[in-house]
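Residue-level listing of the chains:
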Amino acid sequence: MPLSGLEIYKLLPKTNCKECGFPTCLAFAMKLAAKQAELTACPYVSEEAKAALAAAAAPPIRLIAISSDGRKIEVGNETVMFRHEKTFYHEPGLLVRVKDTQPLEEFKDTVTKAANYSVERVGMELTVSGFAVENASGDPAVFAERVETVKAIANLPLVLISKNPAALEAAIAKLDGSVPLLYAADEDNWQAMAELAEKHGFPLAVRGEGDLAALANLVEQVKNAGVEDIVLDPGTRSPVDTLISLTQIRRLALKKNFRLLGYPVITFPGEGAASEAEEVALAAQHIAKYAGFIVLDHFDPATMYPLLTLRLNIYTDPQKPIQMEPGIYEFGDPTPESPLLTTTNFSLTYFSVAGEVENAGVPAWLLVCDSEGMSVLTAWAAGNFDAEVIAKMVKQFNVADKISHRKIVIPGLVAVISGELEEELPGWEVLVGPREAVDIPAYLKLWQN
Amino acid sequence: MPVTVEIPKENWTGSVREVTLGATAEQGGTRARTVTVGGETTLPFLHFEGEIPNPPVVAIEIQDYYPEDWSPLLKEAWGDVLNDPAAWAEKAEAYGADLIMLRLRGADSEGKKTTPEEAAATVKNVLAATGLPLIVRGPGQAELDNELLVAVAEAAKGERIALGLCEDKNYRTIVAAALAHDQLVISSTPMDVNLSKQLTILISDMNFPLDRILMDPTTGALGYGIEYGYSVMERLRIAALTGDTMTQQPMICFVGEESWRQKESKVNEGVPEAWGDWTKRSITWEALTATTLLHAGADIVTIRHPETVEIVKGFIEKLMMKES
């Protein structure tokens, strides 16, 4: 947590020697707090002050990365409890768990399907983040073989799950340059686990049993053994327990700058759920409330798609709605006779409309107006999608040069502006389209020039 | 020396207002039971630092005429009762609803406009068919809403039903009717903390008691603006707990309507294979919209599919178990 100017001042020599270029130590401290000066400008600062300032500058939740052949999951470095306070920065990894006791064909099938899964939403390709391979057999050789099998199918980051350091060591030998998360150090095995993680420079998960003080103690021991990249599993599993423990960990890190729990958290929603539906609801909780890695026990497109969508939604920067470039967009080689529709430049609105215009299979023009990234009704209410704005866009993008007819279709939700728009655009006929994008294909099929 | 951990707790000074829907025979109504929502003194399900005296509840949405525009999946799930709101309400109660939300469509299947008498008769039939407290929403056209809801308020006198939606451009008639007949109202604003607060003030300025107002912050479905509603709700709830009295109304989210309106749930033709099984996807869509908003402070979620009701109710039950 950053120090205030006054807190920094207390650490400075307070001699006002001016050698740093500022008139007083206090002025220098204020500049440091505002990150407009470097501590090295002070020739007399103590080692103790340097250490305190360096520690304070470190992020309250450490950034942890796991990777495989360039695919990477980075989590941590979060700064707020609620997304409206700023934004959530690093989407949690959604990983699928496979076990080395599963029949080989089934095992390969799950990995292949999940690795190849990709779904498009608002112009982005959403995919599964990685796999968690569990050494359920207890046999290091079997485990290593299955990790090799996963690697052969998928170039995705891995979590390696075993209580046995020897099994992890055997699996690591098959990794070939990727950086996995080792899961997990507990009260019994932490020394060997820490040694293994330290040796390879891999992040290590530390597992507690529900009590955060015990978890912090374990983290301290692991840290003292030389491991810097740590991921927490508080050991809680039920919906209410995970919500509370993950909230407490985030609060301790952000509000108390409690370093021993200043790490991302890994969750296993399937272990706290009585059904697949409950696992999905719990995974959704972990997306909204503070997980860094979420390990799922089921892979099914019908639940993965909603979860990936939720993750995209929650991690959208509230200050920056995703916007489209205003302009005139073409669908299916439109001619001057093709219909002209208009909508706003809020990405979700655009993609809903664009998808349906494509579906309709009718060549068309779509005028995307600059509504400052707002959806149709919101933009209309804010004066960012009224007759004046639409008329301005029609002129700005020389729409009249592209089409021969003079008909423009406006969204049904803003039917009320059709009169004003006809006044703003003399010679044009304003048609009121459907209220919902889903009804566009039916509308376009009936559209007549 | 072992590390000690002091769990940071928020010292909230405010709380959410308790609002009771329905009235039993003793209270002048005919409901088998009442449902109280609100009363929280902390953020959702954080039992370690405050009280959550009433669990969030699930209302099942029914309509007065056959919902032609609904997803085929919903039509299949409910079957014949879709033609009879009383039978539908009875079945909804059997599926575990805590509340029934009756949505007046404004017109029957032939397009004939609903009269106030017809709306009143439907409400009476539904009240006779179920012992659960009732929410009645108008068709969403100001004039017709007023006409129908005034008749409904009178027909359900003494039942403490919730009437909606009151919007800033149209709330006086509905509030006056609720005031005259001891009903509740739902105040609805488009995803904005200040507008939400302002409408509560306007309604209470009509001498309408605050413990009879539910707040609809406007729901965005998963993938369709859920994050806006989610953050507005978190901000409203934090304001309520901080002591801002005009934000302390329990929140209602129309999850079923928003979720089932979306393409993911409505159709299965020409959609990407990556969307997966239609039924499972649609139910997951509705369930995640509901559970996510419960974590942002929803006190009532309205649901359309019976299987979603089971999932959401089960999840609420687990979230209400005190930390083990």
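Residues numbered from 1 in each chain as written. Chains lettered and ligands numbered in written order. Predicted model: local features only at pLDDT ≥ 70, side-chain atom pairs only at ≥ 80, totals over all residues. Heavy atoms only, no water.

Trainee: Explain the overall build of chain B residue by residue, including any values.
Mentor: When you go through chain B residue by residue, the secondary structure sums to 11 helices and 10 strands. Computed over the C-alpha atoms, the radius of gyration of chain B is 19 Å, within 12% of the 20 Å expected from 2.2 N^0.38 for a compact globule of 324 residues. Overall size of chain B, expressed as C-alpha extent along the three principal axes, is 75 × 55 × 35 Å. When burial is assessed residue by residue, chain B has 61% of its 324 residues classed as buried. Partitioning the intrachain contacts of chain B with sequence separation of at least 6 by distance along the chain shows that 69% fall at a separation of at least 24. Side-chain charges of chain B comprise 29 positive and 48 negative groups, with the mean position of each set lying 1 Å from the other. (Helix = DSSP H or I, 4+ residues; strand = E, 2+ residues; numbered from the N terminus. Rg over C-alpha atoms; globule rule 2.2 N^0.38 Å. Buried < 20%, exposed > 50% of the residue type's maximum accessible area, 1.4 Å probe, protein only. Contact = heavy atoms within 4.5 Å. Lys, Arg positive; Asp, Glu negative; His and termini not counted. Charge placed at Lys NZ, Arg CZ, Asp CG, Glu CD.)

Trainee: Break down the pattern of salt bridges for me, citing the residues and quoting the values.
Mentor: Side chains bearing opposite charge may pair, as long as their charged atoms lie close to each other. As enumerated under the stated definition, the model contains 35 salt bridges over all chains in all. A salt bridge links A:Arg121 to B:Glu264, with the shortest nitrogen-to-oxygen separation between them at 2.8 Å. A residue pair is termed interchain when its members come from two chains, as with A:Arg121 in strand S4 (residues 118-121) and B:Glu264 in helix H9 (residues 263-266). An identical accessibility class is assigned to A:Arg121 and B:Glu264; each is buried. The residue B:Lys280 makes a salt bridge to A:Glu276 at a minimum N-O spacing of 2.9 Å. Taken together, the positions of B:Lys280 in helix H10 (residues 278-294) and A:Glu276 in helix H10 (residues 276-288) put the pair across two chains. A network of salt bridges, in which partner residues are shared, links A:Arg97, A:Glu134, A:Asp233, A:Arg237, A:Glu271 and A:Asp297. (Salt bridge = Lys/Arg side-chain N within 4 Å of Asp/Glu carboxyl O.)

Trainee: Describe the interface of chain A and chain B, listing the residues and the values that go with them.
Mentor: Listed as interface residues are 56 residues of chain A and, on the opposing side, 52 residues of chain B. Between chain A and chain B lies a buried interface of about 4,600 Å² when both sides are counted; carbon and sulfur atoms form 65% of it. At the boundary of chain A and chain B, one finds nine salt bridges. Taken together, the connections running from chain A to chain B amount to 19 residue pairs in polar contact (both at pLDDT 80 or more). Broken down by secondary-structure element, the contributors of at least two residues to the side of chain A that touches chain B are S4, helix H8 (212-224), helix H9 (239-255), H10, helix H11 (301-314) and helix H12 (347-360) of chain A. (Buried area = accessible area lost by both parts, 1.4 Å probe. Polar contact = N/O pair within 3.5 Å; in protein donor to acceptor, adjacent residues only side chain to side chain.)

Trainee: An account of the packing of aromatic side chains is needed here, citing residue identities and associated values.
Mentor: All chains considered together, the criterion is met by 13 aromatic pairs over all chains. Between the aromatic rings of B:Trp78 and B:Trp88, the centroid separation amounts to 6.1 Å while the plane-to-plane angle is 55 degrees, which identifies the pairing as tilted. With B:Trp78 in helix H1 (residues 72-78) and B:Trp88 in helix H2 (residues 85-94), this residue pair connects regions lying 10 residues apart in the sequence. The exposure class of B:Trp78 is buried, given its relative accessible area of 1%. Here the aromatic cluster, defined as three or more aromatic residues joined through ring pairs, consists of B:Trp70, B:Trp78, B:Trp88 and B:Tyr95. Directly above the aromatic system of A:Phe107 lies the positively charged group of A:Arg146, at a separation of 4.6 Å from the ring centroid. Between the NZ or CZ atom of B:Arg212 and the centre of the ring of B:Phe208, over which it lies, the distance is 4.9 Å. (Phe/Tyr/Trp six-rings, centres within 6.5 Å; stacked < 30°, edge-to-face > 60°. Lys NZ or Arg CZ within 6 Å of the ring centre and 35° of its normal.)

Trainee: Lay out the nonpolar core in plain terms, naming residues and giving numbers.
Mentor: By size, the foremost hydrophobic cluster in this structure holds 170 residues, and its most contacted members are A:Leu160, B:Val136 and B:Val301. No other element matches H9(A), which puts eight residues into this core. If we ignore the near neighbours within four places in the chain, the residues touching B:Val301 are B:Val57, B:Val58, B:Ala59, B:Cys253, B:Val255, B:Ala290, B:Leu294 and B:Val312. A:Cys369, A:Val389, A:Ile390 and A:Val394 belong to the second largest nonpolar core, which has 25 residues in total. (Core = buried A, V, L, I, M, F, W, Y, C linked by side-chain atoms within 4.5 Å.)

Trainee: Would you mind going over the environment of B:Pro8 in detail, with residue names and values included?
Mentor: With respect to the helices and strands, the residue B:Pro8 is situated in the segment before strand S1 (19-21). For the pair B:Pro8 and B:Glu49, spaced 41 residues apart in sequence, the C-alpha separation works out to 9.2 Å. In contact with B:Pro8, not counting residues within four places along its chain, are A:Arg251, A:Leu252, A:Lys256, B:Phe48 and B:Glu49.

Trainee: I'd like a description of the pairing of strand S3 (residues 93-99) of chain A, backed by residues and values.
Mentor: All names here are of chain A. For S3, the tally of buried residues reaches six of seven residues, placing the bulk of the element in the interior. Here S3 pairs with strand S12 (residues 293-296) via four bridges, running parallel. Each residue of the ladder has a partner; that of Leu-94, found in S12, is Ile-294. (Pairing = 2+ DSSP bridges.)

Trainee: For a nonpolar patch on the surface, give the residues involved together with the corresponding values.
Mentor: On the surface, A:Leu6, A:Leu26 and A:Met30 cluster together to form a nonpolar patch covering roughly 260 Å² of accessible area. Mapped onto the secondary structure, A:Met30 falls in helix H2 (residues 25-33). (Patch = residues over 30% accessible without salt bridge, like charges linked within 9 Å, V, L, I, M, F, W, Y side chains within 5 Å. Areas by Shrake-Rupley, 256 points an atom, 1.4 Å probe, with all protein chains shown as cover.)

Trainee: Explain helix H6 (residues 165-172) of chain A to me, and be specific about the residues and the numbers.
Mentor: Residue and element names in this part refer to chain A. All of the buried residues in H6 are Ala-167, Leu-168, Ala-171 and Ile-172. With its buried residues spanning 140 degrees around the axis, H6 presents them on a single face. Of the surrounding elements, those touching the buried residues of H6 are helix H5 (140-153), strand S7 (158-161), strand S8 (181-185) and helix H7 (190-200). (Arc of directions from axis to C-beta.)

Trainee: Quick one: what's the story with the side chain of B:Gln183, residue by residue and with numbers?
Mentor: Residues and elements named next belong to chain B. Here Gln-183 shows up in the loop between helix H5 (172-180) and strand S7 (184-188). For Gln-183, a relative accessible area of 0% puts it in the buried group. Looking at Gln-183, its side chain comes within polar contact range of the main-chain nitrogen of Arg-160, at 3.1 Å. Residues contacting Gln-183, with those up to four places away along its chain left out, are Ala-153, Ala-156, Lys-157, Gly-158, Glu-159, Arg-160, Ile-161, Leu-163, Ala-178, Phe-208 and Arg-212.

Trainee: Would you mind going over the environment of A:Phe22 in detail, with residue names and values included?
Mentor: All names here are of chain A. When you line up the elements, Phe-22 lands in the loop between helix H1 (5-11) and H2. Take Phe-22: its relative accessible area is 22%, and that puts it in the partly exposed class. On a C-alpha basis, the gap between Phe-22 and Ala-37 in space is 9.8 Å, while along the polypeptide they are 15 residues apart. Excluding anything up to four places from it in sequence, Phe-22 contacts Ala-27, Phe-28, Lys-31 and Ala-37.

Trainee: Pulling in residues and values, what's your account of the sheet that holds strand S9 (residues 204-207) of chain A?
Mentor: Residues and elements named next belong to chain A. Ordered in space as S10-S9-S8-S7-S6-S3-S12-S11, the eight strands form an open sheet in which the pairing is parallel. Each edge of the open sheet carries a strand with a single partner, namely strand S10 (230-233) and strand S11 (266-267). Here S9 runs beside S10; their pairing, made up of four bridges, is parallel. From the neighbouring strand, Ala-205 faces S10, where its bridge partner is Val-231. The sheet contacts of helix H4 (residues 104-116) involve S3 and strand S6 (130-134), and relative to S3 the element is tilted by about 165 degrees. Of the strands in this sheet, S3, S6 and S7 are in contact with H5, which crosses S7 at around 170 degrees. (Axes fitted to C-alpha atoms, helices over the stretch in contact; angles between N-to-C directions.)

Trainee: Could you give me a rundown of the confidence of the model for chain B, with the residues and numbers involved?
Mentor: Across chain B, the average pLDDT comes to 96, with 99% of residues at or above 70. Across the interface, the model reports ipTM at 0.97; the global pTM reads 0.88. (pLDDT = per-residue confidence, 0-100.)

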